[in-house]
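Structural characterization, general
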Amino acid sequence: MQNNSVFIRRWVRRGVSLSVLVLAGAVTSQGAHRFNMPSAANQPWFTLGSSAYAQEAYNWAQIEQDIITAQNQVRQDPASLIPLLEERLANMDDEGSILNGCGPNCHLQTQEGKPAVQEAIDFLRQQAAVSTLEASPNVAQAAKAHAQDQANGRMGHDGSDGSTAAQRIDRTGALNVSSGENIAYGPSTGQQVVLDLIVDDGVADRGHRTNIFDPSWTHTGAGCGPHAEYRTVCVINYIRFTTKFNVVNNGSVNLEAVTLGGINILGDALAPGETREITLSEDQCQGSLGLQMSGYLPASMASSMVCGSTLTVNPNNGFRLSS
């Protein structure tokens with residue numbers, strides 16, 4: 001299911017209005033892909049207003065690395081970014097503008113104002129630590145490709161070729177059980193990207209924050225580049241990957257064998273009521289499964305992602321593969 005939303009902030013510098021931040025969301029692929037993207041319905045749009053911004057040079061590789069570092073920092077120690085949010089809160093006026101929030105004499109206008117920042121602070125105070133994410137060159141490649149695809153001003157999760165985030169990740173050869181995507185338009189530092197996604201001002205379900213703290217992700221990658229409308233675009237992709245494969249026998253007879261590529265990966269027979277976790281190699285992660293149950297003819301399943309999945313035999317000795 002796709003939830004579309006677009007979050008826009010205005011920058012105001014010396015009387016010039018600039019559209020700056022659009023956040024675009026998350027994806028999970030466990031047979032389906034989770035998107036949580038910000039909607040531009042009934043939102044005002046503003047012109048860039050100053051060619052000076054378009055000429056500004058950025059160290060994209062450093063910004064991308066800083067995004068990964070900031071994400072892992074806050075996942076491991078959620079309270080570590082509270083001082084920065086408290087500083088942001090102290091610099092906000094009653095109308096929700098962050099004084100000098102985008103540079104000297106440049107005030108950043110938010111939608112929700114102080115309450116959203118305070119809510120993010122409260123969230124970080126109670127959020128438990130989750131594991132850090134491993135940087136994946138393949139996942140970063142997918143993120144970079146989408147950022148470059150949007151240099152001309154395109155927005156959103158769909159590529160100019162109609163591709164989804166999951167398809168772009170798959171193209172790189174990155175094996176995954178599920179995948180996700182956040183997109184931010186406008187912020188020019190990795191830390192600012194992560195802070196804005198955590199506050200998630202203007203996004204009711206805080207879907208971007210959810211993506212950052214999702215404990216199921218194992219790998220991440222970021223790609224940033226110039227954007228014709230919002231100056232910068234940063235895409236962050238996430239995947240969950242494991243080589244574990246679970247087999248659950250809730251049937252009435254023994255499960256004698258489970259074959260993958262013609263090889264029995266089950267080992268000893270699995271009796272009714274038993275469960276077994278099998279560790280596969282990466283080259284075994286995708287393929288066709290064969291099953292042999294006592295008293296039944298052999299059965300087979302179409303090729304699919306096996307790693308990260310569970311094969312379940314039900315009480316009627318039927319079976320299904322689920323993520």
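Residue numbers here run from 1 along each chain, matching the order of that chain's written sequence. For a predicted model such as this one, the threshold for reporting local features is a pLDDT of at least 70, and the threshold for listing and counting side-chain atom pairs is 80 or more; totals across whole chains, interfaces and linings nevertheless cover every residue. Side-chain metrics in this entry use all non-hydrogen atoms of the structure; hydrogen atoms and water are not considered.

1. Side note on the confidence of the model for the protein
Note: predicted coordinates in regions of low pLDDT should not be interpreted at a detailed level. Along the chain, pLDDT gives the predictor's confidence residue by residue, from 0 to 100. Counting all residues, the mean pLDDT for the protein is 83, and 82% of those residues have values of 70 or more. Considering each helix and strand of the protein separately, the mean pLDDT is smallest for strand β4 (residues 35-37), with a value of 31, and largest for helix α2 (residues 60-76), with 98. A low-confidence stretch, residues 1-22 stays under pLDDT 50, and its non-local contacts, those more than four residues away or across chains, total 99 contacts. Contacts are assigned to residue pairs that have any heavy atoms within 4.5 Å of one another. Scored below 50 in pLDDT, residues 25-55 shows 104 contacts in the model against residues more than four places distant or in partner chains. By the criteria applied, helices consist of DSSP H or I runs no shorter than four residues and strands consist of E runs no shorter than two, each listed in order from the N terminus.

2. Overview of the state of the cysteines
Note on disulfides: each one is a pair of cysteine sulfur atoms within 2.5 Å. Enumeration over the complete set of coordinates arrives at two disulfides. With its sulfur 2.0 Å from that of its partner, Cys285 forms a disulfide with Cys307. Measuring the twist about the S-S bond at about -80°, one finds the Cys285-Cys307 disulfide to be left-handed. Of the two residues, Cys285 is situated in the loop between β14 (275-279) and β15 (286-293) and Cys307 in the loop between β16 (299-305) and β17 (310-313); the sequence distance between them amounts to 22 residues. Of the two residues, Cys285 and Cys307, both sit in the buried class. When accessible area is computed with a 1.4 Å probe and restricted to protein chains, residues below 20% of their type maximum are described as buried, those above 50% as exposed, and intermediate ones as partly exposed.

3. Brief notes about the packing of aromatic side chains
Here is the rule: rings of Phe, Tyr and Trp (six-membered ring for Trp) pair when centre to centre is within 6.5 Å. Planes less than 30 degrees apart are stacked, more than 60 are edge-to-face, and the remainder are tilted. Enumeration according to the criterion identifies four aromatic pairs in this entry. Centroid distance Tyr58 to Trp60: 5.0 Å. Interplanar angle 45°. Geometry classified as tilted. Each member of the pair, Tyr58 as well as Trp60, is classed as buried. For the ring pair Trp217 and Tyr238, a centre distance of 5.7 Å and an interplane angle of 20° mean the geometry is stacked. Here Trp217 is found in the loop between α8 (207-213) and β9 (219-227), whereas its partner Tyr238 is found in strand β10 (residues 231-240), with 21 residues between them in sequence.

4. Regarding the pattern of salt bridges
Throughout this description, the term salt bridge denotes a Lys or Arg side-chain nitrogen within 4 Å of a carboxyl oxygen of Asp or Glu. Tallied over the full model, the rule gives eleven salt bridges. With a shortest N-O distance of 3.1 Å, Glu119 and Arg206 are connected by a salt bridge. With Glu119 in helix α4 (residues 114-126) and Arg206 in the loop between α7 (190-199) and α8, this residue pair connects regions lying 87 residues apart in the sequence. Judged by its relative accessible area of 12%, Arg206 is buried. Lys244 is the partner of Glu277 in a salt bridge, and the nearest nitrogen-oxygen pair spans 3.9 Å. With Glu277 in strand β14 and Lys244 in strand β11 (residues 244-249), the pair connects residues that are 33 residues apart, well separated along the chain. One salt-bridge network, in which partners are shared between bridges, spans Glu112, Glu119, Arg206 and Arg209.

5. Details of the sheet that holds strand β13 (residues 263-264)
If DSSP finds at least two bridges between two strands, the strands pair. If you walk across this open sheet you meet the four strands as β13-β12-β15-β16, and the pairing is antiparallel. With one partner strand each, in any of the chains shown, β13 and β16 form the two edges of the open sheet. Pairing of β15 with β16 involves five bridges; the strand directions are antiparallel. Across the sheet, the residue bridging to Gln286 is Met305, located in β16.

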